[in-house]
Amino acid sequence: MPLDAPAFETPLHVGRPNIGSRERFLERVNDILDRRWLSNDGPLVRELEERIAERMGVRHCLAMCNGTIALEIAIRAVGMRDEVIVPSYTFVATAHALHWQGIVPVFADIDPDTHQIDPVAVERMITPRTTGILAVHLWGRSAPAAALEEIAERRGLELIFDAAHAFDCTFAGRPVGSHGRAEVLSFHATKFFNTIEGGAVLTNDDDLAERMRLMRNFGFAGEDNVIHPGTNGKLNEVSAAMGLTNLEAIEEVTATNRENAEAYAAVVSEVPGLRALPFEDSDRNNHQYVVLEVESGSQEVRDAIVARLRENNVLARKYFWPGIHRMQPYRDLYPHAGLVLPHTEDVARRVIVMPSGTAVTTDDIRTIGGILAEAMESAQ
Ligand code: T4K
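Residues numbered from 1 in each chain as written. Predicted model: local features only at pLDDT ≥ 70, side-chain atom pairs only at ≥ 80, totals over all residues. Heavy atoms only, no water.

(A) Seen up close, the site of the ligand. For the ligand, the set of nearby residues contains 25 residues, the closest of which are Thr-68, Asp-162, His-165, Lys-191 and Tyr-319. Between the ligand and Asp-162 there is a distance of 2.6 Å, counted from a nitrogen atom to a side-chain nitrogen or oxygen. Taking His-165, its side chain carries an N or O atom lying 2.7 Å from an oxygen atom of the ligand. Contributing elements (two or more residues each) for the shell around the ligand: α3 (67-77) and α4 (93-99). Residue classes in the shell around the ligand are distributed as nine nonpolar, twelve polar and four charged. For the shell around the ligand, the domains that each give at least three residues are domain 1 (22-248) and domain 2 (249-379). (Near = heavy atom within 4 Å. Polar contact = N/O pair within 3.5 Å; in protein donor to acceptor, adjacent residues only side chain to side chain. Helix = DSSP H or I, 4+ residues; strand = E, 2+ residues; numbered from the N terminus. Nonpolar A, V, L, I, M, F, W, Y, C, P; charged D, E, K, R; others polar. Domains from an automatic or database assignment.)

(B) Summary view of the sheet that holds strand β9 (residues 182-186). One open sheet holds the seven strands; their spatial order is β2-β10-β9-β6-β5-β3-β4, and the pairing between them is mixed. Because the sheet does not close on itself, it has two edges, and the strands there are β2 (60-64) and β4 (104-108). Averaged over all pairs of adjacent strands, the angle between strand axes in this sheet comes to 25°, irrespective of strand direction. (Pairing = 2+ DSSP bridges. Axes fitted to C-alpha atoms, helices over the stretch in contact; angles between N-to-C directions.)

(C) Molecular detail of the packing of aromatic side chains. A complete count under the given rule lists twelve aromatic pairs for this structure. Centre to centre, the rings of Phe-167 and Phe-192 are 6.3 Å apart; their planes meet at 40°, and the pair counts as tilted. Here Phe-167 is found in the loop between β6 (158-162) and β7 (170-171), whereas its partner Phe-192 is found in the loop between β9 and β10 (199-203), with 25 residues between them in sequence. For Phe-167, a relative accessible area of 2% translates into the label buried. (Phe/Tyr/Trp six-rings, centres within 6.5 Å; stacked < 30°, edge-to-face > 60°. Buried < 20%, exposed > 50% of the residue type's maximum accessible area, 1.4 Å probe, protein only.)

(D) Summary view of a nonpolar patch on the surface. The grouping of Phe-218, Phe-220 and Val-226 at the surface amounts to a nonpolar patch, some 250 Å² of accessible area in total. Inspection of the secondary structure assignment puts Phe-220 in the loop between α7 (206-215) and α8 (237-247). (Patch = residues over 30% accessible without salt bridge, like charges linked within 9 Å, V, L, I, M, F, W, Y side chains within 5 Å. Areas by Shrake-Rupley, 256 points an atom, 1.4 Å probe, with all protein chains shown as cover. Salt bridge = Lys/Arg side-chain N within 4 Å of Asp/Glu carboxyl O.)

(E) The arrangement of the nonpolar core in detail. Ranked by size, the top nonpolar core spans 32 residues in total, and within it Ile-52, Phe-167, Val-176, Leu-185 and Phe-193 carry the most contacts. Those elements giving two or more residues to this core turn out to be α1 (22-35), α2 (43-56), β2, β10, α8 and α9 (250-268). Here this core takes six residues from α2, the largest share from any one element. With near-sequence residues (within four places) excluded, Ile-52 lies in contact with Cys-61, Phe-167, Phe-187, Phe-193, Leu-202 and Leu-247. Counting 31 residues, the second-largest nonpolar core is a separate cluster that includes Ile-73, Val-78, Met-80 and Ala-97. (Core = buried A, V, L, I, M, F, W, Y, C linked by side-chain atoms within 4.5 Å. Contact = heavy atoms within 4.5 Å.)

(F) Region of interest: the pairing of strand β12 (residues 290-294). Within β12, five of the five residues are buried, which leaves the element mostly enclosed by the surrounding structure. Burial along β12 is two-sided: the face carrying Val-290, Leu-292 and Val-294 and the face carrying Val-291 and Glu-293 are both buried. The pairing of β12 with strand β14 (residues 351-354) spans four bridges and is classified as antiparallel. Bridging across to β14, Val-291 finds its partner in Val-353.

(G) Just the environment of Ser-186, in detail. Its location among the elements puts Ser-186 in strand β9. Along the primary structure Ser-186 and Ala-163 are separated by 23 residues, whereas in three dimensions their C-alpha atoms are 7.5 Å apart. One polar contact links the side chain of Ser-186 to the main-chain amide nitrogen of His-188, over a distance of 3.1 Å.

(H) Examining the pattern of salt bridges more closely. Tallied over the entire structure, the rule returns 31 salt bridges. One salt bridge connects Glu-123 with Arg-155, and the closest N-O pair in it is separated by 3.1 Å. Taken together, the residues Glu-123 in helix α5 (residues 119-125) and Arg-155 in helix α6 (residues 145-155) connect sequence positions 32 residues apart. The class of Glu-123 is partly exposed, set by a relative accessible area of 26%. For Arg-155, a relative accessible area of 38% gives the class partly exposed.

(I) Structural view of the packing of α2 against α8. Two elements in contact, α2 and α8, have axes whose closest approach is 8 Å; the angle formed by their N-to-C orientations is 35°. Our pair here, α2 against α8, has a crossing hand that is left-handed. Here Pro-43, Leu-44, Val-45, Glu-47, Leu-48, Arg-51 and Ile-52 of α2 come into contact with α8, specifically with Glu-237, Ala-240, Ala-241, Gly-243, Leu-244 and Leu-247. Residues of the contact of α2 with α8, tallied by class, amount to nine nonpolar, one polar and three charged. (Left-handed = near helix turned anticlockwise from the far one by under 90°.)

(J) Representation of the side chain of His-287 within the structure. Along the chain, His-287 falls in the loop between β11 (274-276) and β12. On the accessibility criterion, His-287 (6% relative accessible area) is buried. Setting aside residues up to four positions removed in sequence, His-287 forms contacts with Asn-257, Arg-258, Ala-261 and Phe-279.

Below is the structure:
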């Protein structure tokens, strides 16, 4: 092999889809074609909703066409308006969902150790216009739910969670679905569990569930009877077929992810200056996101490592750099936001998210460990 050949011939991606049995998926698609029922509250969507609600121990699971629309519907359904507090260190969809609903996202800083929104910072950002908090269980790790619930209760604010990364997770014994008024999942192709595109809102609130059920189907309460303003948030049957098939494989995916996370932690422990974000052992986690940090916080070193990985076809990502507050639609709204978001800025500079999932093996990770060690040495 020539010296400059990449370590991997085929690229290793972050977010390579985890896919269950091809045969079961195709069987289900055949059934869909026979039934000629492709969307609008189809039988597979209903089955998927029931299975997810049962697994998460929640009264209602409302499947949606994607996580972003699910967020928008939840935000509207709980009555958020004016200003809502949200982390800047998350995927841009979290803030876009508010902005798209005419709400001003007000960014609160994070805890640098956990990367989760900091309740003290949340409290600091509350103004007379604040109507709610949209927290994120980033990386499938727990947002400080109990502290946020206490603030929301005391200050009379709505609280919902973006749980896009947290499918099948349990935090301090509480499954996702039980925090705040509602929790929103993404089933995008890149997620631990996917329906190609898709998402859901989980809630134990019957009235809220009913409102969201109307909202996702144009407000229809039966043929010719529209009783609520609504949009099209429906999941289709082929996506539900993918979901049901992938649901049958999630124990396997979790086991693989966990093995990969442990393999990364082991190789990274041999590389001075790098660390892996740990998991809480008391929580059930899907281990989908393997998050490394450059301890010095040097963006140059982080970028050099990512570049070296990519030369070797290891397509690591700088999620969620540079922070939403530095992205064009929000930068102009908050030119000085960086001053109140020091930990967001610091963490965004140091993080590298590594490829994992069922397309990556522990042998691959050993090879990646070698690349990381060499890249770190030459970057310093
Ligand atoms: N809230 C949070 C906290 C989120 O992370 C997200 C989505 C949302 C809300 C919104 O949920 P959705 O509306 O998406 O359901 C990707 C995903 O598109 C996005 O869903 C996800 N978060 C985000 C973390 O990652 P990009 O812009 O990084 O996508 P892209 O095209 O660069 O692909 C990511 C990687 O996945 C690449 O390495 C390629 C690989 N990939 C992707 C697809 C679609 C594959 O290997 N196969 C595929 O089929 O946003």
